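Fold and geometry: a report
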Amino acid sequence: MQSNAKVTDINKQRSACLIIAADEKNKLTASGTALDKALDGVISKLLKRGDLAKTLGSTLLLPQLNSSAERLLLVRAANGAQSQTQFRKLANASAKAIIGFKDATSYLGELTVVEVGDSWSAQQLTLAAGLASYKFTRCLKDAKAYPLTKFTVHAVDNKQLKAYKRGVELGTAQAFGSNVARELGNLPGNICTPDYLVAEARSLAKKHSNLHVTVLDNKKMEALRMGAFLSVAKGSEEAAALIAMEYKGGKSNQKPIVLVGKGITFDSGGISLKPGANMDEMKFDMCGAASVFGVMNALLELQPAINVVGLVAAAENMPSGRASKPGDVVTSMSGQTIEILNTDAEGRLVLCDALTYAAKFKPSVVIDIATLTGACVIALGSHATGLYANKDKLAAELIAAGESSGDRAWQMPLWDAYQSSLDSNFADMQNIGGREAGSVTAACFLSRFTKDYAWAHLDIAGSAWHSGANKGATGRPVPLLMEYILGRK
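Residues numbered from 1 in each chain as written. Predicted model: local features only at pLDDT ≥ 70, side-chain atom pairs only at ≥ 80, totals over all residues. Heavy atoms only, no water.

1. Here's the deal with the overall build of the protein
The test is simple: A helix here means a DSSP run of H or I that spans at least four residues, while a strand means a run of E at least two residues long, and both kinds are numbered starting from the N terminus. Radius of gyration here uses only the C-alpha atoms, and the compact-globule reference equals 2.2 Å multiplied by the residue count raised to the power 0.38. A 1.4 Å probe rolled over the protein chains alone gives each residue an accessible area, and that area as a share of the maximum for its type sets the label: buried under 20%, exposed over 50%, partly exposed in between. We call two residues in contact when some of their heavy atoms are within 4.5 Å. Using the Shrake-Rupley algorithm and a 1.4 Å probe, accessible areas are obtained, with residue cover drawn only from the displayed protein chains. A positive count includes Lys and Arg, and a negative count includes Asp and Glu. His and the chain ends are not counted in either. A charge is said to be at NZ when it belongs to Lys, at CZ for Arg, at CG for Asp and at CD for Glu.
Across its full length, the protein holds 14 helices and 19 strands. The C-alpha atoms of the protein give 24 Å as radius of gyration, which agrees with the globular expectation for 489 residues (23 Å, within 12%). By its C-alpha atoms, the protein is 80 × 50 × 45 Å across when sized along the principal axes. Taken over 489 residues, the protein has a buried fraction of 58%. Sequence separation of 24 or more characterises 77% of the internal contacts of the protein that already satisfy a separation of 6 or more. When the accessible surface of the protein is split by element, carbon and sulfur atoms take 50% of a total near 20400 Å². Across the protein, 54 positive and 45 negative side-chain charges occur, with their mean positions spaced 7 Å apart.

Below, the structure written as structure tokens:
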């Protein structure tokens, strides 16, 4: 989808759909008022008659009312300045309503939003439109993608236009990266294997000279003594891979941000086999890795002056005669030994070696992203990503990025008091704690491998995909990560 910002005259703007807002008192914004006047008050009459519901975010699609636009979409706003949450609701509602149109022009940016700059509104509108334009068609015989190919955000004047262009650029990149992540997450496990992810990374590097890709196969990981990582892949016919994608946009001496994504392309649970119901959704267990791919793709589109390394820990967790067993003890790359009490707690095993490996890049900060624990879903549901960090400043920056982008996270405790639940009689630690605070103890496990740098852990088990009728990957937390990375330029 092509997105842009420009100053327009609503009465002359050619578009498949114009989008305007009316508040609870039926008051239109400036462009809506101008259009209403040109149409002899027909919009006001429809509003007064009650054709547009009073509920925030309600929409009413009208057929051609003037010669330049094919349709008009009315969206119900709140009175006065909109909160950020209210504006996002309008952006999302309007984006869903224009699915199926070839192009649209939004005048919702004329609404005032509290505590944000001009670029924010344009960013949110573009992000919402970009996300709504995605549809998974890869495995469908005759499916057609949503045809929205052009989205325009109206700017009031040339002064606002500069800010709007920045917002559109960021929103476009966030949507693009999120949709890359959604596509990878939605692919079935027989297509999206570790080898498939390797091929995706190498294909991306061929297109961009400032992306360098290195792949560690089983033999190279064995040489580095990544016993924890390799223990997960033992039961599968698919070989594991640690993929390093180095985006070099900044100065050579600039320390990179390192993103580490859990890439379990299918998780059966291994010997600790999962229940059969809903096991198909375990193709989404690589959504952390998918988000890393999403961010790297978005960065390559924007080309910011910053260095970022994307590490993807790719493996398949399957039961077989070769698979790891409960009670096995493995040695991680750090030298610390781990008693595997549950083979379904495999994500932390691939991540711990990847986090140790991340230190070789001399990072400014390391952030891992993982569909790690069902306990995080119980704690936070699908609305917020669980956030853990060994530096309060880093946690605050990520929370702020989530609030600004609408891709929200909530900080959870990483206290020493939880560490004792990982004590083992037979190794330096065990890979699970007790029933209580499962997301916290998983983060505590990872923290034992991140003492040499600033580190944050994003548990996206609840936010990475939807179940039910709307089943599919969400692309989160790409918007949060992009907001954070670009804010550090």
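2. Focus on the sheet that holds strand β16 (residues 429–430)
Just so we agree on the cut-off: At least two bridges found by DSSP between two strands is the condition for calling them paired.
Taken in spatial order, the 3 strands make up an open sheet running β11-β12-β16, and their pairing is mixed. Each of the sheet's edge strands pairs with one partner strand only, and the pair in question is β11 (329–331) and β16. In this structure, strand β12 (residues 337–339) lies alongside β16, joined through 2 bridges in parallel fashion. Following the sheet pairing, Ile338 is matched in β16 by Met429.

3. Observations concerning the packing of aromatic side chains
Basically, it comes down to this: Whether two aromatic rings pair depends on their centres lying within 6.5 Å, for rings of Phe, Tyr and Trp, where Trp uses its six-membered ring; planes under 30 degrees apart make the pair stacked, over 60 edge-to-face, and the rest tilted. Should the NZ of a Lys or the CZ of an Arg lie within 6 Å of a ring centre and within 35 degrees of the ring normal, that charge is described as sitting over the ring.
Taken as a whole and judged by the stated rule, the model has 5 aromatic pairs. Each ring, one from Phe87 and one from Trp120, has its centre 5.7 Å from the other, and the planes form 50°; the classification is tilted. Here the residue Phe87 occupies a position in helix α3 (residues 84–97), and Trp120 occupies one in helix α4 (residues 118–132), the gap between them amounting to 33 residues. Each member of the pair Phe87 and Trp120 is classed as buried. Note that Arg71 overlies the ring of Phe101, its terminal NZ or CZ placed 4.1 Å from the centroid.

4. What about the environment of Asn342?
How we decide: Pairing of N or O atoms within 3.5 Å defines a polar contact, subject to two protein rules: one partner must be a possible hydrogen donor and the other a possible acceptor, and residues neighboring in sequence count only if both atoms are side-chain atoms.
Its location among the elements puts Asn342 in the loop between β12 and α10 (347–358). By relative accessible area, which is 25% here, Asn342 ends up partly exposed. Once the C-alpha coordinates of Asn342 and Ser94 are considered, the two residues, 248 residues apart in sequence, prove to be 46 Å apart. Excluding anything up to four places from it in sequence, Asn342 contacts Ser272, Asn431 and Ile432. Polar contacts involving the side chain of Asn342 include one to the side chain of Ser272, which spans 3.3 Å.

5. A short note on the packing of helix α5 (residues 158–186) against helix α14 (residues 478–487)
Our working definition: Here an axis means a line fitted to C-alpha atoms, over the contact stretch when the element is a helix, while the angle between two N-to-C directions is reported on a 0 to 180 degree scale. By definition in this entry, angles of less than 35 degrees are roughly parallel, angles greater than 145 are roughly antiparallel, angles of 65 to 115 are roughly perpendicular, and the rest are oblique. A crossing counts as left-handed when the near helix is turned anticlockwise from the far one by less than a right angle, and as right-handed when that turn is clockwise.
It is at 9 Å that the axes of α5 and α14 come closest, and there the two elements cross at 135°. Compared by their axis directions, α5 and α14 come out oblique. Seen along the crossing, α5 lies across α14 with a hand that is right-handed. Contact residues: Leu170, Gln174, Gly177, Ser178 and Ala181 in α5; Val478, Pro479, Met482, Glu483 and Leu486 in α14.

6. A word on the nonpolar core
The following threshold applies: Grouping buried Ala, Val, Leu, Ile, Met, Phe, Trp, Tyr and Cys residues that are joined through side-chain atoms within 4.5 Å yields what is termed a nonpolar core.
Counting 65 residues, the largest nonpolar core has Met245, Leu259 and Ile367 as its most contacted members. Tallying contributions element by element places helix α9 (residues 287–302) first for this core, with 10 residues. Look past the residues within four positions of Leu259 in its chain and what remains in contact with it is Val292, Val295, Val308, Val309, Gly310, Leu311, Ile367, Ile369, Leu481 and Ile485.

7. So, the packing of α4 against α5
Using the following cut-off: In this classification, the charged set is Asp, Glu, Lys and Arg, the nonpolar set is Ala, Val, Leu, Ile, Met, Phe, Trp, Tyr, Cys and Pro, and all remaining amino acids, among them Gly, are polar.
Where α4 meets α5, the axes come as close as 7 Å, and the angle between the chain directions of the two elements is 30°. Judged on the interaxial angle alone, α5 and α4 are roughly parallel. When you trace α4 past α5, the crossing you get is right-handed. Partitioning the contact of α4 with α5 into residue classes produces 8 nonpolar, 12 polar and 2 charged.

8. Remarks on the pattern of salt bridges
Rules: For this analysis, a salt bridge means a side-chain nitrogen from Lys or Arg found within 4 Å of a carboxyl oxygen belonging to Asp or Glu.
Going through the model one piece at a time under the given rule, you end up with 14 salt bridges. The partner of Asp51 in a salt bridge is Arg49, with the nearest N and O atoms 2.6 Å apart. For Asp328, the salt bridge goes to Lys325, with nearest N and O atoms at 3.4 Å. Among the residues examined, Asp328 registers a relative accessible area of 16% and is labelled buried.

9. Focus: α4
Where we set the bar: In this scheme, a helix's expected span is set at 1.5 Å multiplied by one less than its residue total.
With 15 residues, α4 extends 22 Å between its outermost C-alpha atoms, agreeing within 8% with the 21 Å of an ideal straight helix rising 1.5 Å per residue. Counting buried residues along α4, 12 of its 15 residues qualify, which places the element largely inside the surrounding structure. Those residues of α4 not exposed but buried are Trp120, Ser121, Ala122, Gln123, Gln124, Leu125, Thr126, Leu127, Ala128, Ala129, Gly130 and Ala132.

10. Looking at unusual backbone geometry
With an omega of 5°, the peptide bond running from Arg476 to Pro477 counts as cis. Position of Pro477 among the secondary structure elements: in the loop between β19 (472–473) and α14. Here Asn278, not a glycine, exhibits a phi torsion of approximately 70°, which is positive. With a relative accessible area of 53%, Asn278 lands in the exposed category.

11. Some thoughts on the sheet that holds strand β4 (residues 71–76)
Sheet strands line up and pair through hydrogen bonds in the backbone, either parallel or antiparallel. Taken in spatial order, the 6 strands line up as β1-β6-β5-β2-β4-β3 in an open sheet, and their pairing is mixed. Looking along the sheet, the strands with just one partner apiece sit at the ends: β1 (2–7) and β3 (59–63). Taken pair by pair, the neighbouring strands of this sheet meet at an average axis angle of 25°, ignoring direction. Pairing of strand β2 (residues 18–22) with strand β5 (residues 103–106) involves 2 bridges; the strand directions are parallel. Residue pairing across strands places Leu18 opposite Thr105, the latter belonging to β5.

12. Digging into helix α6 (residues 194–207)
If you check α6, its first and last C-alpha atoms are 21 Å apart, about what 14 residues at 1.5 Å a residue would give, namely 20 Å. Listed as buried for α6 are Pro194, Tyr196, Leu197, Val198, Ala201, Leu204 and Ala205. Each element contacted by the buried residues of α6 is listed here: α5, β7 (211–216), β8 (241–248), β9 (257–267), α9 and β10 (307–317).

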